[in-house]
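Each chain, written out:
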Amino acid sequence: MSNPQPVVVQKSLWSAILLALVVALLNIALWAFINRPAQIPNWEGKIEGFAFNAFQRYQSPLRANYPNEDELASDLRILAKHAKRVRTYSSLESAAIPRLARDLGLDVMAGAWLDRRTEHNEIELEAVISAARRWPNIDRVMIGNETMLRDDLNLTQMIDYLDRARAAIRQPVSTAEPIHIWIKYPELVNHVDFITLHLLPYWEGIPRKDAIGFAIGNYNELRRLYPHKKIVIGEIGWPSYGDRKKFADPTLADEAHFIREWLNVARDQGLDYYIMEAFDQPWKEEIGGRAEAYWGVFGADRNPKFSMVGPVIEDPSWPWKALAASALALFPMIWFAWAFTRFRVAGRLFFLGLIQLSAGVLVWSTTVPYTFYLDPIDWAMLGVLMPAQLAIIGILLINAFEFTEVIWRRSWLRGFGLLTPAPDERQPFVSIHLACCNEPPEMVILTLDSLAALDYENFEVLVLDNNTKNEDVWKPVEEHCAKLGPKFRFFHLNPWPGFKAGALNFGLTQTDPRAEVVAAVDADYAVRADWLKALTGYFHNPKVAVVQCPQAHRDWEHNEFRRMTNWEYDGFFRIGMHHRNERNAIIQHGTMTMVRRDALERTGNWSEWTICEDAELGLRLMQEGLELVYVDEIMGRGLTPADFTAYKSQRYRWAFGAMQILKGRWSWLTRKGPLSAGQRFHFLTGWFSWFADALHLVFTLMALIWTALMLSLPKYFNLPLQLFLVPIMGFFISKAVFGIALYRVRVPCSWKDTLMASIASMALSHAIARGIFMGLIKKKGEFVRTAKSRRLSKRPSAFSSVREELLMFIALISAIVGMMITFGFQYTEGELWMIILGAQAIPYVSALIGAWIAHKSGEKAG
């Protein structure tokens, strides 16, 4: 009989390929939809005129870097094919333009640049007069450009320059200003031969669809006011990229639409105009913001940005980008869809969609240099944001994998429950080790009484009190052990090295020789009577080294702080531990855990070089090829931390210890060996959420610095590109959605409890970030006990534990206020940046909320 297995594998592979191809094709369809052609009126014929700045891609008048004559001639040859005339702004910078334009049949409206420098103005005036007298193709002269708008000259000074120019040359003379200047100063009209009007609807925040009507309306208004003066439109256009200005969106399609529609309208109405402008001028970004660089009909590379006939596509290169994104994602999608056929189709499609989306974001991001003119500061930001974007994508996919497995699994592969031992089944001898340090005696006694009530014969309890100095604290526990009988032994260790691991290792030296299993329980736990009876049977399998139950809590129902932290802890044990258990990669915890004694001693006992000795032991046993069993059944309940200080301190210790393990066992996790790929994956990526907290701190500090630079040095520091802000916002939103959705599916709590658990989780972000960085930097950490039932020392004040978070929150709110005052809500990038600053503030305000709730709950309890 033939083996059906190869047929099943082949069918699964073809199914995976089909799903991957479907998602890849949908990706291409999405790119096509976003870049669907815009139908715009065609333009055929010559343009009346171009505003002409001749600076090449890396040239700038701000650095006295000017185009040479060959570059000027090349530019004018391009323009001569498309236009009748050009407009210049200075007669000093490129004096060869009139001569070169004459040879190409181009007329020139020659400009003189006026500003607050009197000596410079005189030289400019002299130069334009000289050029106008010399070159017959100069048919108009422009004295100043938006000079009064900038308030560089007053009305009297401006009139003086105009009158002197008109007296010296035969060509008609004007100055260029927007409509409100011409309305404000009607006497200025008497000193020009024609009015030069700037019509730039983008700067007024007018949406593109209304921009032509707006421009014509302004033109007609000025014509109504001054019916006997010729009006020349000195600048009219639309930028292809840049910051959104109120309702004006600078896109390539909108620029093409505006220009082509304007050209047809202007021809129909017989208007005299100069398109703003001929070529993109990247240097202008430094003086006027990002959009200033992108007004050209031609790019800085001198290629047309769009066609004057036929449909216009926002991103003409989208097909190869879409194909590149699909190709980049295809094989990872096939592998995932094939490797996880046990997930429902909806789940596989969901995750494949995220893989494809991630590939699309990467392709989109890497093409930024081909779309924007980046200066060194932009490149520096790009160098920071690209790795950050990769990290964000990695964290997102890891969180999404957990989400997909939990939501769309058909069943758990490794599900373990309570065992019902046979009447004659042999009971392994269990040595229960309870390590305590400076714990309230009544709390420890409660734990001991619950252990004394165990429905199990073969066990002992070793109470290992290490470094408690006050006899009033440890003596009552010693006395109670004596009352409970010979199964209970008490050891007072003072002084004793190695923190909790050191005490547990001492316990191993005192363990009954009959013990096959060592169990660890925290000093605040009340255990179920059937804890040992229902679980020790797993150790009949020689491959099982650990049996772990979830941490659970008691006495939280009527205390708001304990309630929110209870549900925050519960999420990991209901979600994350199941996810890890599928690949035998759980995090062993130091309570409600049982370990095979010979495996523990053979592999080196409890590690004293890390303050997370429990998690390290679990990893070490996996390295030995042994199995860890997770039974999601509450077999004991302890207490949540007594206050926010203790809560933060515990999570700081976990993060610090995790980094110690990561450094100490790096070779295990990064090289092929006894650990399976799934185990390496979980131990490398399982802490990525904590790395996200560390990155959050780094990028919050960077965002604050960047905001300060934007507010204090706006000439050099711009708003970050929307391109990079959107994925960051997507990360914040998706992470929140994943977390809340998983809680609603897996954790039996109300919506209010879900929200409060989320606040509790986010409140730890800063503590985790500090733990990550200190754990990476330092070799040794201090094991700080977590106060549970009550503090034996003075209770901390409300916000003493969150001083740093308070400072960060104030800094972020100040940054948002500064952004609102400086930029307002006229730029999409500015709005997104303020939203991101607000999102970055959430963990810090969560910490303040958590600390306040803990303080008020403590007052009520007291």
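Further up the page is the structure itself.
Residues numbered from 1 in each chain as written. Predicted model: local features only at pLDDT ≥ 70, side-chain atom pairs only at ≥ 80, totals over all residues. Heavy atoms only, no water.

Moving on, we come to the overall build of the protein. Within the protein one finds 29 helices and 17 strands. Against the compact-globule benchmark of 29 Å for 862 residues, the protein has a radius of gyration of 37 Å, which places it well outside the compact range. Reported as C-alpha extents along the three principal axes, the dimensions of the protein are approximately 120 × 75 × 45 Å. A total of 862 residues make up the protein; the buried ones form 58% of that total. A fraction of 79% describes how many contacts in the protein between residues 6 or more apart in sequence connect residues 24 or more apart. For the protein, the computed accessible surface area is about 36300 Å², with 60% contributed by carbon and sulfur atoms. (Helix = DSSP H or I, 4+ residues; strand = E, 2+ residues; numbered from the N terminus. Rg over C-alpha atoms; globule rule 2.2 N^0.38 Å. Buried < 20%, exposed > 50% of the residue type's maximum accessible area, 1.4 Å probe, protein only. Contact = heavy atoms within 4.5 Å. Areas by Shrake-Rupley, 256 points an atom, 1.4 Å probe, with all protein chains shown as cover.)

Taking strand neighbours across the sheet as the criterion, the seven strands line up as E11-E10-E9-E12-E15-E14-E16 in an open arrangement whose pairing is mixed. The open sheet is flanked by strand E11 (488-493) and strand E16 (627-630), the only strands paired with a single partner. Averaged over all pairs of adjacent strands, the angle between strand axes in this sheet comes to 20°, irrespective of strand direction. Where strand E12 (residues 517-520) meets strand E15 (residues 593-596), four bridges bridge the pair, whose relative direction is antiparallel. Each residue of the ladder has a partner; that of alanine 519, found in E15, is methionine 594. Its contacts with the sheet put helix H16 (residues 471-484) on strand E10 (459-466) and E11, and the angle it makes with E11 is roughly 155°. (Pairing = 2+ DSSP bridges. Axes fitted to C-alpha atoms, helices over the stretch in contact; angles between N-to-C directions.)

A surface patch of nonpolar side chains, amounting to about 280 Å² of accessible area, comprises Leu18, Val22 and Leu26. Looking at where leucine 18 falls in the secondary structure, it is placed in helix H1 (residues 5-34). Leucine 18 gets classed as exposed once you look at its relative accessible area, which sits at 53%. (Patch = residues over 30% accessible without salt bridge, like charges linked within 9 Å, V, L, I, M, F, W, Y side chains within 5 Å. Salt bridge = Lys/Arg side-chain N within 4 Å of Asp/Glu carboxyl O.)

Looking now at the nonpolar core. Ile143, Trp262 and Ile275 are the most contacted members of the largest nonpolar core, which totals 98 residues. Once residues lying within four places of it in the same chain are set aside, the contact partners of isoleucine 143 are Ala112, Leu114, Leu125, Val128, Met158, Tyr161, Leu162, Ala165, Val173, Ser174 and Thr175. Membership of the second largest hydrophobic core comes to 62 residues, among which are Ala503, Ile586, Leu600 and Cys612. (Core = buried A, V, L, I, M, F, W, Y, C linked by side-chain atoms within 4.5 Å.)

The next thing to look at is the pattern of salt bridges. This structure, assessed with the given rule, holds 48 salt bridges. Across the salt bridge formed by glutamate 48 and lysine 84, the nearest N and O atoms sit 2.8 Å from each other. Within this pair, whereas glutamate 48 is found in strand E1 (residues 47-51), its partner lysine 84 is found in strand E2 (residues 83-87), the two being separated by 36 residues in sequence. In this structure, aspartate 753 engages arginine 563 in a salt bridge whose closest nitrogen and oxygen atoms are separated by 2.8 Å. Residue aspartate 753 is located in helix H26 (residues 751-763), and its partner arginine 563 is located in helix H18 (residues 560-581); the two are separated by 190 residues in the primary sequence.

Let's shift gears to unusual backbone geometry. With an omega dihedral of -5°, the bond running from methionine 276 to glutamate 277 counts as a cis peptide bond. Cis geometry marks the peptide bond from asparagine 494 to proline 495; its omega dihedral reads -5°. Structurally, proline 495 can be placed in the loop between E11 and helix H17 (499-510). Even without being a glycine, aspartate 555 presents a positive backbone phi close to 55°. Following the sequence through the fold, aspartate 555 ends up in the loop between strand E14 (544-548) and H18. Even without glycine at this site, asparagine 584 takes up a positive phi of about 55°. Overall, asparagine 584 belongs to the buried group, its relative accessible area being 11%.

Between its first and last C-alpha atoms helix H21 (residues 644-664) spans 30 Å; for 21 residues at 1.5 Å apiece the expected length is 30 Å, and the two agree. For H21, the tally of buried residues reaches 16 of 21 residues, placing the bulk of the element in the interior. Of the residues that open H21, the one with a side-chain oxygen 3.2 Å from the backbone nitrogen of threonine 645 is aspartate 643. (Expected span 1.5 Å × (residues − 1). Polar contact = N/O pair within 3.5 Å; in protein donor to acceptor, adjacent residues only side chain to side chain.)

Bridge count between E10 and E11: six bridges; the pairing is parallel. Paired with aspartate 465 across the strands is histidine 492, a residue of E11. Viewed along the sheet, the connection from E10 through H16 into E11 turns out right-handed. (Right-handed = clockwise from strand over helix to strand, strands pointing away.)

On to the environment of alanine 646. As for its position among the elements, alanine 646 is in helix H21. The sequence separation of alanine 646 and phenylalanine 488 amounts to 158 residues, and the corresponding C-alpha distance is 29 Å.

Tracing the chain through its elements places phenylalanine 401 in helix H14 (residues 376-408). Apart from the residues lying within four places of it in its own chain, the contact partners of phenylalanine 401 are Phe336, Phe340, Phe343, Phe351, His579, Arg583 and Phe681.

Examined against the element boundaries, glutamine 56 turns out to sit in the loop between E1 and helix H2 (69-80). We classify glutamine 56 as buried; its relative accessible area is 16%. Ignoring sequence-local partners within four residues, the contact set of glutamine 56 consists of Glu71, Asp75 and Arg302.

Our focus in this paragraph is the packing of aromatic side chains. For the structure shown, the criterion picks out 43 aromatic pairs. A centroid spacing of 6.1 Å and a plane angle of 40° characterise the contact between tyrosine 652 and phenylalanine 656, whose relative ring orientation is tilted. Linking tyrosine 652 with phenylalanine 656, this pair stays in helix H21, spanning four residues, or about one helical turn. What makes phenylalanine 656 buried here is its relative accessible area of 2%. For arginine 36, the ring lying beneath its charged end belongs to phenylalanine 33, and the centroid distance is 4.2 Å. One cation-aromatic arrangement involves arginine 744 over tryptophan 751; the distance from NZ or CZ to the ring centre is 4.5 Å. (Phe/Tyr/Trp six-rings, centres within 6.5 Å; stacked < 30°, edge-to-face > 60°. Lys NZ or Arg CZ within 6 Å of the ring centre and 35° of its normal.)

Here we come to the packing of H21 against helix H27 (residues 765-777). Close contact between H21 and H27 brings their axes to 7 Å; oriented N to C, the two are set at 35°. Here the hand of the crossing between H21 and H27 comes out right-handed. In this structure, H21 uses Lys648, Arg651, Tyr652, Ala655, Phe656, Met659 and Lys663 to contact H27, whose residues at the interface are Ala767, Ile768, Arg770, Gly771, Ile772, Met774, Gly775, Leu776 and Ile777. The class makeup of the residues in the contact of H21 with H27 is 10 nonpolar, two polar and four charged. (Left-handed = near helix turned anticlockwise from the far one by under 90°. Nonpolar A, V, L, I, M, F, W, Y, C, P; charged D, E, K, R; others polar.)

Right, let's get into the side chain of threonine 88. You can see threonine 88 is positioned in the loop between E2 and helix H3 (97-103). Looking at threonine 88, its side chain comes within polar contact range of the main-chain nitrogen of glycine 111, at 3.1 Å. If we skip the residues at most four places from it in the chain, threonine 88 touches Phe52, Ile97, Val108, Met109, Ala110 and Gly111.

Turning next to the environment of histidine 578. Along the polypeptide, histidine 578 turns up in helix H18. Expressed as a C-alpha distance, the spacing of histidine 578 and glycine 415, which sit 163 residues apart in the sequence, is 8.4 Å. Once residues within four sequence positions are removed from consideration, histidine 578 is found in contact with Trp412, Phe573, Tyr630, Asp632 and Arg746. There is a polar contact of 2.7 Å between the side chain of histidine 578 and the side chain of aspartate 632.

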